Amino acid sequence: MSVSNRISSANAPANSNFAFQKVSKTQTTVENPLSVMDLMVACGIVQVTETASFDFPNFPEAKKSFQVIYFELSSDYATHTSLFGGLVSLGKPNGVILQQNRELGNFTLKFYASNSETVKSYLQKIFGIVEEEIRFKSILKKIIQNQQRFENEEQLLKKELFY
């Protein structure tokens, strides 16, 4: 069997099962089956303290449900409250109301249930930025520590050589 025959026969079944075929910017994203509440609990960054849901009984034809979620940053992320608050203050998509209560140290998320996909997408972006920032800071801290160690070793060598 020649090399070209092996490649073509190997590609035929692999094309349908190739793992990276869905990594295309032109394709639409698959909707996340998690609810907003499930997403917030699963991320580990926030701790939900209270939830509420309101319907509009005077206008049942509107079929709207308003969701409110009160949360604070979990103990591992509490030092990043100002970062999270800054990201929140940069702006939000239409249909999402996310506010920081500085006095109480918590956040309030308000949205209509029909906008839950927008809310999930927005929260995932914020959570991703916070996690990337934390990772960046930890790497930067290690670099600074390594640089300080190097400088300390250099000082010791200078002392040994010149004194």
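Residues numbered from 1 in each chain as written. Predicted model: local features only at pLDDT ≥ 70, side-chain atom pairs only at ≥ 80, totals over all residues. Heavy atoms only, no water.

## As for the packing of helix α3 (residues 81–89) against helix α4 (residues 116–162)
For any two helices packed against each other, one specifies the inter-axial angle together with the distance between the axes.
Phase 1 of the analysis: At a closest axis distance of 10 Å, the pairing of α3 and α4 adopts a crossing angle of 140°. As summarised for this structure, α3 and α4 are arranged oblique, according to the angle between their axes. Note that α3 runs across α4; the crossing there is right-handed. For the pair α3 and α4, the contacting residues are L83, F84, L87 and V88 in the first and Y122, I126, F127, I129, V130 and E133 in the second. (Axes fitted to C-alpha atoms, helices over the stretch in contact; angles between N-to-C directions. Helix = DSSP H or I, 4+ residues; strand = E, 2+ residues; numbered from the N terminus. Parallel < 35°, antiparallel > 145°, perpendicular 65-115°, else oblique. Left-handed = near helix turned anticlockwise from the far one by under 90°. Contact = heavy atoms within 4.5 Å.)

## Considerations on α4
Phase 1 of the analysis: Compared with the 69 Å implied by 1.5 Å per residue over 47 residues, the 68 Å span of α4 between its first and last C-alpha is a close match.
Phase 2 of the analysis: By the burial criterion, the buried members of α4 are V119, K120, Y122, L123, I126, F127 and V130.
Phase 3 of the analysis: The inward-facing, buried residues of α4 abut α2 (36–43), β1 (46–55), α3, β3 (96–101) and β4 (106–112). (Expected span 1.5 Å × (residues − 1). Buried < 20%, exposed > 50% of the residue type's maximum accessible area, 1.4 Å probe, protein only.)

## Things to note about α3
Because each turn of an α-helix spans 3.6 residues, side chains separated by three or four positions end up pointing in the same direction.
Phase 1 of the analysis: For α3, the full list of buried residues reads F84, G85, L87 and V88. One side of α3 holds all its buried residues, which, seen down the axis, span an arc of 160°. In α3, the exposed residues that point more than 90 degrees away from the buried face are S82 and S89.
Phase 2 of the analysis: Looking at the buried positions of α3, the neighbouring elements they touch are β2 (65–73), β3, β4 and α4.
Phase 3 of the analysis: Downstream of α3 by a residue or two, G91 has a phi angle that is positive, lying close to 140°. (Arc of directions from axis to C-beta.)

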